[in-house]
Amino acid sequence: MPKITLKDVTMIYPFQKVTGLIGRKQKQFILKQQQDMPYTSNEGVIALQHFDCTFEEGSFTVVLGPSGSGKSTLLRIIAGLERPVLGEIYFDDVLFNDVQAQERDVAMVFQNYSLYPNQTVYQNIAFPLEVKHIPREEIEPEVKKIAELLKLDEKLNKLPQELSGGEKQRVVIARSLIRKPSVILFDEPFSNLDVLMRKELRNELKKIHETYKTTFIYVTHDQYDALFLAERIVLLKDGIKQMDATAADVYNYPANRFCAEFIGSSTFNTFEDIPVSKDGKYKLFGQTYELTDKQQKQLGKEKCIDVGIRGTNLAIADKGVDAIIEYTEMIEADLIIHAKADDQEIIIVEKMDGNNEMKYMRGQEIRISFDPMYFHLFNKKGDRI
Amino acid sequence: MAKKKNKIQLMKGEAGFHYVSLVVMILLMIFCIVPLILMLTVSLSSEASLVKGYRFIPAQWSLDAYFFMWAKRATILRAYGLTIVVTVIGTIISLIMTSMFAYPLSRKDFKPRNVVAFILFFTMLFNGGMVASYMVWTRLFHIKDSLLAYLLPGSLMGGMNVLLVRNYFNANIPYSIIEAARLDGANDWTIYSKIMVPLSKPIMITIGLFSALGYWNNWTAGIYYINNPKLYTIQVYLKKLMDSIQFLKTTDLSNEAVLLASRSLPTESARMAVAIIALIPVLAVYPFIQKELIKGMVVGGVKG
């Protein structure tokens, strides 16, 4: 299993040529539309910018980011389905830029399954071994073993269209595992599945990784997938790497405002443009807090900061900021309380104890306590200070 | 309890459209089927009764035309067999060549695909013309009086068919399947033969049928390149037969021998009988492939 290193990888998709029998005005409109897209250069749309990263052998890395952040491009470059315009890809210190996809020993699990519809489940799973001309008698036990592991042993004679979404994705995973590739790439594999199925497959995937110890690179926009699965998370935005750390570090010490808001996005509170005095003091809801010397240095001449705090780090207490509950929502064992204080929305996450919903009602006055220990402070560029 | 009628309820506007289309389709069907019936009844009429013109119900029934065919069975069977051989081989080669040409054109990573597609499209609009083609085929490829004359000129691969198959590949086979196969270690030949072709059954059947009909009905190649009667296909035989009948009709009938020959030959009915015989395989095969054929014909019409 190789270590994969990407150095200064940049990918630009050229602008689509506007040809055909259409009017000049329409042509100009389409060209302008393409050029107005975010992150373009003269040559085209930039999907990945100066990306450096190392994927250690046997690791489980999740590449996380919103749509259009360059996650899938990254996978396709590693797989050899795209060639970057700049930068190098090394598999165990060997330059792989010009190595064809079929020679890279990489498997990929696609979001839309990409099963061969004309072949049965058995044939689909056996396909990677068949193309290697491995004798049939050797293929059969391998297929049966992997089918048993992925609970597909009773579906081997079915065609893909006879399977449910979850079963289809299991077949794709089985097909990827059977030839024991050095790396398996997952391109948002569970996006088409319902919540329960996702949960089940997430658990199984974790177990499979522990059994096979193959290098897994998993791309998703779902923070829950990332936090559950990842040994390491690489956060991407607009083709630029934002953070590369363990799941706990990404959650607790986000590198910038984007990382803080993207992980735990629904319950992260950000209070913008908080003025900072010359001696490093700032006020939030009437309470005065102080920047450390290091934070003051990092802030430099800027006079404002953004203060962020997760809803899970806020508490309803006897003392604190006065607020009024606007509405509440239940997400599994959490009660999410949306309150308003000084015209600012604050989200608090309370653990359900059976009575929370009754305890907190719309229009109720509460007090919220802030613990500065959990504050995330950002300068105006969004970098953590 | 009264049985519920299992009938689709149509809205007011829909019902009108439904009935108008039904009438149009019935008329079209009549236009298609009437000549066929006429052909059959003429072949079953006596030659004398045809002097007054063609009739849907023969004035005088006769199997003379078929007896004449039976008498000529050796020639007709040879022509028939040859037509089947040419059609089967031609269609298979045509399908292989067309799909193999279409596959790289459907691949996004095949950079010169636009140039190749343009060259292909160019051949659909312009060609060397009949005289130049004849000279190339006879002087360079020496196909005169050989089976290749039926297979090669203008029939092996049509630009239109290639574009049809390419469009089918693009519209109906997700590109990620090809990428998955590449990552599974498959080379282009494996992807083409194990994935693309089996997944393209409707379009293969459609262009296969077009191509087969083209080979089956091809009489021009025989007229241009074949002099040896042993190499006549059924269509060429039919054409020659018609020419002979025309010859008998236009020749001065004062020659007694010719007069006798023309009287004893079932000319008009024989023409139709050969046409009926030539039609049988097409009529026999069509119902079995009709479903796939329709799927192939509406390629790109509906995206699944």
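What you see is a predicted model, and the numbers here were worked out from it, not measured in a lab.

(A) Spatial organisation of unusual backbone geometry. Residue and element names in this part refer to chain A. The phi dihedral of H50 is positive, around 40°, even though this residue is not glycine. With respect to the helices and strands, the residue H50 is situated in strand 2 (residues 44–55). Classification of H50 as partly exposed rests on a relative accessible area of 48%.

(B) Focus on the packing of helix 4 (residues 136–149) of chain A against helix 5 (residues 165–178) of chain A. All names here are of chain A. The interhelical angle for the contact between helix 4 and helix 5, taken along N-to-C directions, is 135°, at an axis separation of 10 Å. With respect to helix 5, the element helix 4 is oriented oblique. By crossing handedness, the relation of helix 4 to helix 5 is classed as right-handed. Together, E142, V143 and I146 of helix 4 and A174, L177 and I178 of helix 5 make up the contact between the two elements. In the contact of helix 4 with helix 5, the residues fall into 5 nonpolar, no polar and 1 charged.

(C) Spatial organisation of the environment of F51(A). Residue and element names in this part refer to chain A. Topologically, F51 is positioned in strand 2. You can call F51 buried: its relative accessible area is 0%. Note: C-alpha distance between F51 and L236 (185 residues apart in sequence) is 9.6 Å. Those residues in contact with F51 that lie beyond four places of it in its chain are L6, K7, D8, V9, L74, V234, L236 and K241.

(D) Spotlight on the side chain of R202(A). Within the fold, R202(A) resides in helix 6 (residues 195–212). Apart from the residues within four sequence positions on either side, R202(A) is in contact with F190(A), Y224(A), D225(A), F228(A) and L229(A).

(E) Inspection of the sheet that holds strand 7 (residues 183–187) of chain A at higher detail. Residue and element names in this part refer to chain A. Spatially, the 6 strands line up as an open sheet ordered 6-7-8-3-9-10, and their pairing is mixed. With one partner strand each, in any of the chains shown, strand 6 (106–109) and strand 10 (240–245) form the two edges of the open sheet. Between one strand axis and the next, the sheet turns by 20° as a mean value, whatever way the strands run. Relative to strand 8 (residues 215–220), strand 7 runs parallel, the two being bridged by 5 bridges. Directly across from I184, in strand 8, lies its bridge partner F216. Sitting on the sheet, helix 5 is in contact with strand 6 and strand 7, with an inclination near 175° to strand 6.

About the cut-offs
- Residues numbered from 1 in each chain as written.
- Chains lettered and ligands numbered in written order.
- Predicted model: local features only at pLDDT ≥ 70, side-chain atom pairs only at ≥ 80, totals over all residues.
- Heavy atoms only, no water.
- Helix = DSSP H or I, 4+ residues; strand = E, 2+ residues; numbered from the N terminus.
- Buried < 20%, exposed > 50% of the residue type's maximum accessible area, 1.4 Å probe, protein only.
- Axes fitted to C-alpha atoms, helices over the stretch in contact; angles between N-to-C directions.
- Parallel < 35°, antiparallel > 145°, perpendicular 65-115°, else oblique.
- Left-handed = near helix turned anticlockwise from the far one by under 90°.
- Contact = heavy atoms within 4.5 Å.
- Nonpolar A, V, L, I, M, F, W, Y, C, P; charged D, E, K, R; others polar.
- Pairing = 2+ DSSP bridges.

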